[in-house]
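Now for the letters of each chain:
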Amino acid sequence: MTKRRAVLSGSVFEERIGYARAVVDGDWVHVSGTTGFDYASMTISDDVVEQAEQCLRNIGAALAEAGCTFADVVRVRYLLPEREDFEPCWPVLRRVFGEVRPAATMMVCGLADARMRIEIEVYARRGPVEGVRIEVVDGERMLEQWRHVHNAVVPPGALSLDEVRERSGRYRLENAYVGDVLVGCSTVRPAERDGGAVTVIARVLPEWRGRGIGRVLYENGFAYARVLGAGVVETCVLAASGDGLRFAESRGFVEVDRYVLPGDRDEWVDLRLSVIES
């Protein structure tokens with residue numbers, strides 16, 4: 001049975017009518033017809049192009065919460081009460097979908113509120129992620145992002161911002177992004193003594209697991225470990241996601257220790273790999 005979960009945006013319509021902004025069903029993400037309301041203020045522009053831009057912001061936020069980006073969209077539908085409003089929106093739509101090229105349909109029809117001039121619906125399918133960007137943590141914003149991932153992944157070991165600042169002075173902390181979306185983080189701990197282990201830890205947010213991000217984080221972390229003069233000879237597994245386990249198994253690592261967080265194997269979240277001198 002595939003896992004299903006709802007993504008809510010805070011729109012009052014979702015509560016009043018009884019639907020979700022998006023539904024994640026296995027690898028498929030179904031985003032409801034989305035209009036140009038700013039859900040924080042429940043206001044909407046009179047301009048159709050501005051509505052289209054807000055539609056896409058709303059959809060982008062839902063996709064990110066579902067573990068997707070616009071690059072994962074395979075189908076889009078545009079619904080407009082007035083056909084002449086469609087062409088002015090093309091530059092906005094092309095900016096988002098011009099390289100993705102999803103299947104698309106435009107329909108002229110009435111919408112639920114006379115203020116609505118465009119509604120957009122998309123389907124996306126999650127697969128391996130390309131273009132994961134790894135950046136060394138620098139500055140308060142990135143420290144807070146690293147902390148967010150750490151605490152979401154390992155809530156029993158939640159850290160304060162002061163504790164993260166202290167760690168950043170001793171360890172190499174990195175964040176992982178897909179586009180501008182934060183998806184994971186990593187830690188590289190230098191050896192505490194001569195001949196000791198350099199440790200690489202990678203964490204991926206739950207909605208982004210199983211898409212190869214953990215492998216990218218480990219590859220990057222191990223590259224830095226080699227800069228520190230270490231050779232890979234064994235592994236210590238704390239608790240692992242599928243990406244991390246596949247990475248460890250492909251390297252022929254030996255499992256030395258395990259601490260399993262509650263949940264199924266696919267929900268294990270943290271793989272700690274020890275790198276010691278060859």
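How each quantity is defined
Residues numbered from 1 in each chain as written. Predicted model: local features only at pLDDT ≥ 70, side-chain atom pairs only at ≥ 80, totals over all residues. Heavy atoms only, no water. Helix = DSSP H or I, 4+ residues; strand = E, 2+ residues; numbered from the N terminus. Polar contact = N/O pair within 3.5 Å; in protein donor to acceptor, adjacent residues only side chain to side chain. Contact = heavy atoms within 4.5 Å. Pairing = 2+ DSSP bridges. Axes fitted to C-alpha atoms, helices over the stretch in contact; angles between N-to-C directions. Salt bridge = Lys/Arg side-chain N within 4 Å of Asp/Glu carboxyl O. Buried < 20%, exposed > 50% of the residue type's maximum accessible area, 1.4 Å probe, protein only. Core = buried A, V, L, I, M, F, W, Y, C linked by side-chain atoms within 4.5 Å. Phe/Tyr/Trp six-rings, centres within 6.5 Å; stacked < 30°, edge-to-face > 60°.

Caption draft 1: Representation of the side chain of Asn-175 within the structure. By the element assignment, Asn-175 lies in strand E10 (residues 172-178). Among the polar contacts made by the side chain of Asn-175, one reaches the side chain of Tyr-177 at a distance of 3.2 Å. Those residues in contact with Asn-175 that sit more than four places away from it in its chain are Arg-133, Ile-134, Glu-135, Val-137, Met-142, Gln-145, Trp-146, Leu-182, Gly-184 and Cys-185.

Caption draft 2: Inspection of the sheet that holds strand E7 (residues 103-108) at higher detail. Taken in spatial order, the six strands of this open sheet run E1-E2-E3-E8-E6-E7, and their pairing is mixed. This sheet does not close on itself; its edge strands, each paired only once, are strand E1 (4-7) and E7. Between one strand axis and the next, the sheet turns through 10 degrees on average, direction left out of account. In the sheet, strand E2 (residues 22-25) pairs with strand E3 (residues 28-34) via four bridges, with the strands oriented antiparallel. Counterpart to Ala-22 in the pairing with E3 is Val-31. Contacts between helix H2 (residues 48-65) and the sheet are confined to E1, E2, E3, strand E6 (73-80) and strand E8 (119-125), with E8 contributing the most and set at about 25 degrees to the helix.

Caption draft 3: Structural context of the pattern of salt bridges. A complete count under the given rule lists 12 salt bridges for this structure. Linking Asp-85 and Arg-117 is a salt bridge whose minimum nitrogen-to-oxygen distance equals 2.9 Å. A residue pair is termed long-range when its members are at least 10 positions apart, and Asp-85 in the loop between E6 and helix H3 (86-97) and Arg-117 in the loop between E7 and E8 qualify at 32 residues. Put simply, Arg-133 and Glu-135 hold a salt bridge, and the shortest N to O gap is 2.6 Å. Since its relative accessible area comes to 32%, Arg-133 is described here as partly exposed. Relative accessible area serves as the criterion here: at 29%, Glu-135 is assigned to the partly exposed category. Connected via shared salt-bridge partners are Glu-140, Asp-162 and Arg-165.

Caption draft 4: Expanded view of unusual backbone geometry. Backbone geometry places Met-42, a non-glycine residue, at a positive phi of 50 degrees. Along the polypeptide, Met-42 turns up in the loop between strand E4 (37-38) and strand E5 (43-44). In this structure Met-42 comes out as partly exposed when scored by relative accessible area, which is 21%. One non-glycine residue with positive phi stands out, namely Arg-101, at about 55 degrees. Among the secondary structure elements, Arg-101 is positioned in the loop between H3 and E7.

Caption draft 5: Spatial organisation of the pairing of strand E11 (residues 181-189). When you tally the buried positions in E11, you get eight out of nine residues, the bulk of the element. Sheet topology places E10 next to E11; seven bridges connect them, and they run antiparallel. Considered in E11, the bridge of Leu-173 is made with Thr-187. The hairpin turn running from E10 into E11, its antiparallel successor, is two residues long, and Gly-179 in that turn takes a positive phi close to 65 degrees.

Caption draft 6: Representation of the side chain of Arg-21 in the model. Examined against the element boundaries, Arg-21 turns out to sit in the loop between helix H1 (12-18) and E2. A distance of 3.1 Å separates polar atoms of two side chains, one belonging to Arg-21 and the other to Glu-14. A polar contact is formed between the side chain of Arg-21 and the side chain of Tyr-19, at a distance of 3.4 Å. The contacts of Arg-21, once residues within four sequence positions are left out, are Val-7, Leu-8, Ser-9, Ser-11, Glu-14, His-30, Val-31, Ser-32, Gly-33, Thr-34, Tyr-39 and Ala-62.

Caption draft 7: Representation of the nonpolar core in the model. Judged by nonpolar contacts, the single largest core of 31 residues is most densely connected at Trp-146, Val-178, Trp-208 and Ile-213. The set of elements that each furnish at least two residues to this core consists of helix H4 (140-153), E10, E11, strand E12 (198-204) and helix H6 (213-227). Setting aside chain neighbours within four positions, we find Trp-208 in contact with Ala-64, Gly-67, Cys-68, Thr-69, Val-129, Val-178, Val-181, Leu-182, Val-183 and Ile-213. By size, the runner-up hydrophobic cluster in this structure holds 28 residues, among which are Ala-52, Leu-63, Leu-80 and Phe-97.

Caption draft 8: Just the packing of aromatic side chains, in detail. Tallied over the full model, the rule gives four aromatic pairs. Summarising the aromatic geometry, the rings of Phe-13 and Phe-37 are spaced 5.5 Å apart at their centres and angled 70 degrees between planes, so their arrangement reads as edge-to-face. Residue Phe-13 is found in helix H1, and its partner Phe-37 is found in strand E4; the two are separated by 24 residues along the sequence. Among the residues examined, Phe-37 registers a relative accessible area of 1% and is labelled buried. A centroid spacing of 5.4 Å and a plane angle of 45 degrees characterise the contact between Tyr-78 and Phe-86, whose relative ring orientation is tilted.

Read these as spatial facts, not as claims about activity.
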